[in-house]
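# Remarks on the overall topology
So you can see what is in the structure, the chains are spelled out below.
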Amino acid sequence: MAIQLLVNGSEHRVDADPETNLLSALRDRLDLTGAKYGCGDGQCGACTVLVDGRAVRSCITPLGYAEGKRITTIEGLERNGRLHPVQDAFLETGAMQCAYCTSGMILSAVALLEKNPNPSGADIVRGMEGNICRCGSYPRIAAAIRLAASRQKGTAR
Amino acid sequence: MEPERYELRENPQYDFPMDRRDFVRSLGGGLLIIGLVTGLQAQESGRGRRGDQRMPEEMSAWLHIGADGVITVYTGKAEVGQNTRTSLMQAVAEELRTPVASIRLVMADTDRVPFDMGTFGSLSTPVMAPQLHRVGAAARDTLIGMASKQWGIERGALDVANGEVIEKGGSHRIRFGELTRGQELVRTVAHDAPVTPASEWKICGTPVPKVNGREMVTGQHKYSSDMSAPGMLYGKVLRPTAFGAKLVSVDARAAQSMPGVTFVRDADFLAVAAQDPLKAEKAVEAIQAEWKADPQPSSRELFAYLKANIAETQTIHSTGSIPDGMRLGEAALRETYHVAYIAHTPLEPRAALAQWEGDKLTVYTGSQRPFGVRSELAQAFHIPEERVRVIVPDTGAGYGGKHTGEAAIEAARIAKAAGKPVKVVWTREEEFTWAYARPAGIIEIASAVRNDGLLTAWEFHNYNSGAAGIRGIYIVPNERIEFHETKSPLRQGSYRALASTANHFARESHINELAHAVKMDPVEFRMKNLQDARQRAVIAAAAEKFGWGKMKSGCGIAAGFEKNGYVCSAAEVAVDRSTGKVRVVRVVTAFDCGAVVNPDGLKHQVEGAVIMGIGGALFESLEFADGRILNPHLRTYRVPRFSDVPELETVLIDRKDVPSAGAGESPIVAIAPAFAEAIFSATGVRLRSMPLAPNGVKT
Ligand code: FES
Ligand code: FES
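Quick notes on the rules
Residues numbered from 1 in each chain as written. Chains lettered and ligands numbered in written order. Predicted model: local features only at pLDDT ≥ 70, side-chain atom pairs only at ≥ 80, totals over all residues. Heavy atoms only, no water. Helix = DSSP H or I, 4+ residues; strand = E, 2+ residues; numbered from the N terminus. Rg over C-alpha atoms; globule rule 2.2 N^0.38 Å. Contact = heavy atoms within 4.5 Å. Areas by Shrake-Rupley, 256 points an atom, 1.4 Å probe, with all protein chains shown as cover. Lys, Arg positive; Asp, Glu negative; His and termini not counted. Charge placed at Lys NZ, Arg CZ, Asp CG, Glu CD. Phe/Tyr/Trp six-rings, centres within 6.5 Å; stacked < 30°, edge-to-face > 60°. Lys NZ or Arg CZ within 6 Å of the ring centre and 35° of its normal. Polar contact = N/O pair within 3.5 Å; in protein donor to acceptor, adjacent residues only side chain to side chain. Buried area = accessible area lost by both parts, 1.4 Å probe. Salt bridge = Lys/Arg side-chain N within 4 Å of Asp/Glu carboxyl O. Nonpolar A, V, L, I, M, F, W, Y, C, P; charged D, E, K, R; others polar. Domains from an automatic or database assignment. Expected span 1.5 Å × (residues − 1). Buried < 20%, exposed > 50% of the residue type's maximum accessible area, 1.4 Å probe, protein only. Axes fitted to C-alpha atoms, helices over the stretch in contact; angles between N-to-C directions. Parallel < 35°, antiparallel > 145°, perpendicular 65-115°, else oblique. Left-handed = near helix turned anticlockwise from the far one by under 90°.

### A few points about the overall build of chain B
- Assigned secondary structure in chain B consists of 19 helices and 29 strands.
- A compact globule built from 699 residues would reach a C-alpha radius of gyration of about 27 Å, and chain B, at 27 Å, matches this within 12%.
- Structurally, chain B occupies a C-alpha span of about 80 × 75 × 50 Å along its principal axes.
- Considering only residue pairs separated by 6 or more positions, chain B has 77% of its internal contacts joining residues 24 or more positions apart.
- Accessible area of chain B: about 26000 Å², with a carbon and sulfur share of 49%.
- Mean positive and mean negative side-chain charge positions of chain B (82 and 82 charges, respectively) differ by 2 Å.

### Some thoughts on the packing of aromatic side chains
- By the definition in use, this model includes 11 aromatic pairs over all chains.
- Where Tyr100(A) meets Tyr223(B), the ring centres are 5.1 Å apart and the plane angle is 85°; that geometry is what we call edge-to-face. Taken together, the residues Tyr100(A) in the loop between helix H3 (85–93) and helix H4 (102–115) and Tyr223(B) in the loop between helix H7 (213–217) and strand E9 (233–238) connect one chain to another.
- The lysine or arginine in question, Lys69(A), covers the ring of Tyr65(A), its NZ or CZ lying 4.0 Å from the ring centre.

### Focus: the environment of Asp654(B)
Residues and elements named next belong to chain B.
- Considering the arrangement of structural elements, one finds Asp654 in the loop between strand E28 (647–652) and helix H19 (671–683).
- Apart from residues lying up to four places away in sequence, Asp654 is in contact with Gly594, Ala595 and Val596.
- A distance of 2.9 Å separates a polar side-chain atom of Asp654 from the backbone nitrogen of Val596.
- A distance of 3.1 Å separates a polar atom in the side chain of Asp654 from a polar atom in the side chain of Lys656.

### Structural notes on the interface of chain A and chain B
- Counting from both sides, the interface comprises 52 residues of chain A and, opposite them, 55 residues of chain B.
- Summing both sides of the interface, chain A and chain B together bury roughly 4300 Å²; the carbon and sulfur share of this comes to 54%.
- A per-residue breakdown of the area chain A buries against chain B is headed by Gln97(A), Arg134(A) and Arg140(A), which together make up 20% of the total.
- Inspection of the region where chain A meets chain B yields 11 salt bridges.
- The tally of links from chain A across to chain B stands at 32 residue pairs in polar contact (both at pLDDT 80 or more).
- The set of elements that each furnish at least two residues to the side of chain A that touches chain B consists of helix H1 (22–29), H3, H4, helix H5 (121–128) and helix H6 (138–155) of chain A.
- No other element matches the 5 residues that H6(A) contributes to the side of chain A that touches chain B.
- Here the side of chain A that touches chain B is composed, by residue class, of 24 nonpolar, 15 polar and 13 charged.

### Details of the domain arrangement of chain A
Residue and element names in this part refer to chain A.
- What the domain assignment reports for chain A is domain 1 (2–76) and domain 2 (85–153).
- Distance between the C-alpha centres of domain 1 and domain 2: 21 Å.
- Contact residues are listed per partner, giving 16 residues for domain 1 and 12 residues for domain 2.
- Along the contact surface separating domain 1 from domain 2 lie 0 salt bridges.
- Taken together, domain 1 and domain 2 are joined by 5 residue pairs in polar contact (both at pLDDT 80 or more).
- Those elements that provide at least two residues to the side of domain 1 that touches domain 2 are strand E3 (48–51) and strand E4 (54–57).
- Here the side of domain 1 that touches domain 2 takes 3 residues from E3, the largest share from any one element.
- Classifying every residue of the side of domain 1 that touches domain 2 by side-chain character gives 7 nonpolar, 7 polar and 2 charged.

### Overview of helix H13 (residues 406–418) of chain B
Residues and elements named next belong to chain B.
- Relative to the 18 Å expected for 13 residues at 1.5 Å per residue, H13 spans 18 Å between its end C-alpha atoms, a close match to the ideal helical length.
- For H13, every residue scored as buried is listed here: Glu406, Ala407, Ala408, Glu410, Ala411, Ala412, Ile414, Ala415 and Ala418.
- Looking one or two residues beyond H13, the residue adopting positive phi is Gly419, at roughly 70°.

### Concerning the packing of helix H18 (residues 599–618) of chain B against H19(B)
All names here are of chain B.
- Closest axis-to-axis distance for the H18/H19 pair is 9 Å, and the angle between their directions is 60°. Here H18 lies oblique to H19, going by the angle between them. With respect to the hand of their crossing, H18 and H19 are arranged in right-handed fashion. Facing H18, whose interface residues are Val610, Gly613, Ile614, Ala617 and Leu618, H19 presents Ile671, Ala672, Phe675 and Ile679.
- A per-class count over the contact of H18 with H19 returns 8 nonpolar, 1 polar and no charged.

### Focus on the domain arrangement of chain B
Residues and elements named next belong to chain B.
- When cut into domains, chain B gives domain 1 (31–217), domain 2 (224–293 + 350–425) and domain 3 (309–342 + 437–690).
- With 10 residues of domain 2 in contact, the opposing surface of domain 3 contributes 10 residues.
- Across the domain 2/domain 3 interface, buried area totals approximately 720 Å², and carbon plus sulfur atoms make up 55% of it.
- Looking at the side of domain 2 facing domain 3, the largest losses of area belong to Thr241, Phe243 and Tyr399, adding up to 64% of the total buried there.
- Across the pair Glu406 and Arg491 runs a salt bridge whose closest N-O atoms are separated by 2.6 Å.
- Looking at the side of domain 2 that touches domain 3 residue by residue, the class counts come to 4 nonpolar, 5 polar and 1 charged.

### Some details on unusual backbone geometry
- Pro691(B) follows Met690(B) through a cis peptide bond whose omega is 0°.
- Of note, Pro691(B) is situated in the segment after strand E29 (689–690).
- Here the phi dihedral of Asp31(A) falls at roughly 55°; this positive angle occurs in a residue that is not glycine.
- Checked against the element boundaries, Asp31(A) lands in the loop between H1 and E3.
- Accessibility expressed as a relative area gives 39% for Asp31(A), which makes it partly exposed.
- One non-glycine residue, Thr345(B), lies in positive phi territory at about 50°.
- Residue placement: Thr345(B) occurs in the loop between strand E15 (331–339) and strand E16 (351–357).
- Looking at Thr345(B), the relative accessible area reads 6%, which means it is buried.

Structure (structure tokens):
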């Protein structure tokens, strides 16, 4: 079955079994390997991408659901060579060890800040609870999100 | 080799180094620094010195400066999230007085880097960093020598800075690349080459950001599981229905008839390759296989099984007489502690991409032991190691759980059958089931203490969980420590801090219990029985930062020593009266691991160890029955998440006068006993099994 995917602003035609999940289509067909496999059943958030601005677990997202929607992966967050403020904040706070969780964390954080530009500590925990960092970088990741939030506030209006 | 490294069975037997002249030529000339693989690096491999004749062949290339001035450094260590790439680059940058960014570090590529036994035991910092300091210093010395000759200026008047040799206070300066251009220079690094003392460090000891951080935040870094090759197929293995099951019969006709599917059978190994992962999954599902397994113990009867299946007993330490010590004491205590099997659960599961060119095999895989995996592959395929190349891209963590090459062997076997490159990525369920676990164990302690708090007897028996960290830090005149190796129902192996976590849990819990028995404060009680000044200093530092003694309930403390690092953890917990749910409110860690190389990286490692420790301490446990894991998913095997993270404070004691020790492991050891004490202080319930409260505390 041929499916049209709009990924990071460009159209891709993917010929795949309709049972294929979005994660596999991105990684194995389009070589966009920034989204990671961590569990395959929606528990870890490593595979997080944005679909129409919302964070979804691509490992349990059927390809059909994503058809025609705007998909953003970690590779598409950079704009004209400039990192997204959340990417910058992750770098500045050193919010990673092995970094395998990082793309999922960043995209979840982008979606969180989109909905709630000024999250409290509890909002961050609630919003990020579905993302596992086995290396335990949680405190830095939370710090990165707070940093990005404070910057966005600074530039708003 | 430490006894609990069960997963390490075979060591590399051969090494066929390339001629170094050819090597420097193949790099386009320049300066090459070579050196011996030092004692500690080779020691466990049985590859020590083999007499002077062989010496030149044992030389390995460590550093190269090309005509373009690019500094390339080679190390067999792998980056698995412990920030080694950055901290090792700092070591070379320090000696060459050049920015970290001007260095390229080639890691864990068996065709290009010096032999290394593996990235474990927290040895990268104490062993590899000093080696790279020596290598960098040798390069600096050579470059200064070259410039001195060229200019006719004596060496003492020259120095290096920013990729140049410069004349101190003079006008001469030349870039490294210009000096080495057109040369084919090979220099040997002396084992005792003078390096920059820690007190003069300018780059080491500073918080250098992760060197490949940008690749990480943009998703550009390729982990093993992200690799691909032209024509690559996806491999999938049909797993037996139980551990140790034997294949009785197989019917693969349905799978074989699927277009584009290759079916592989080699003895009991059954697998397929297909153009996409879904097809491979469906093909594996279509295989009809019948397996036969022997009855196996379940997690419920685990501890009885371990005690009934002792294979060997080692007396680790014995002094004085236990009966005498028990008589001298005024209070005695006898307790048993249990530790469950837990899973490392690296977020990146095992993965490998294998490719054959004729009879030469190249495998990309996430492993902490590239040379060990090379050996495994050579043995599996009966080919010499020189025909196997293992490359480890920076990996999605290991925590001691990726010492073996299962995925590498599987991918290589399938690739051989398919005649194409094959990638195998384990599912989370496979990782939980077919990787190895941190050993479970039973620890029995009998002790006696005088009313003034002095320990008089200490008898300690560990069944199965390992001998690392089994010797205590306290002074006891009558002591007996034994490790009993038993059969293990699950495949088991290294873990962050190995067995030390279990031994510390039992010992430090017991020490807290003894303090209560003689009505002493746990900190005071420890100090009474401790002499080591560094150990005392971390306890004092943690107690002070924590405000020990100021709070009445919910607080616990524990200390330890592991891998030359001294640690003390103080914790505060809150226990919900109605649900029994335990929440860790605050953890203070005081840590002394010698001279601090990268304070920011070190703090991060400590925090990571503490957070990982929360899982093993409170709720992680592998459940099993009939040769199967019963909770092989993140839904049922809970790991720490954002909401589990307490307030964390780290006190680093920077000892510039003491060599740096590794730090990724030690800070985990005192977490569980500190929690057990804090829970006791909050509820009056004494918990002696890890995990302490998978379903809350019943009060
Ligand atoms: S891989 Fe999708 S949530 Fe874990
Ligand atoms: S940094 Fe390793 S899983 Fe998050």
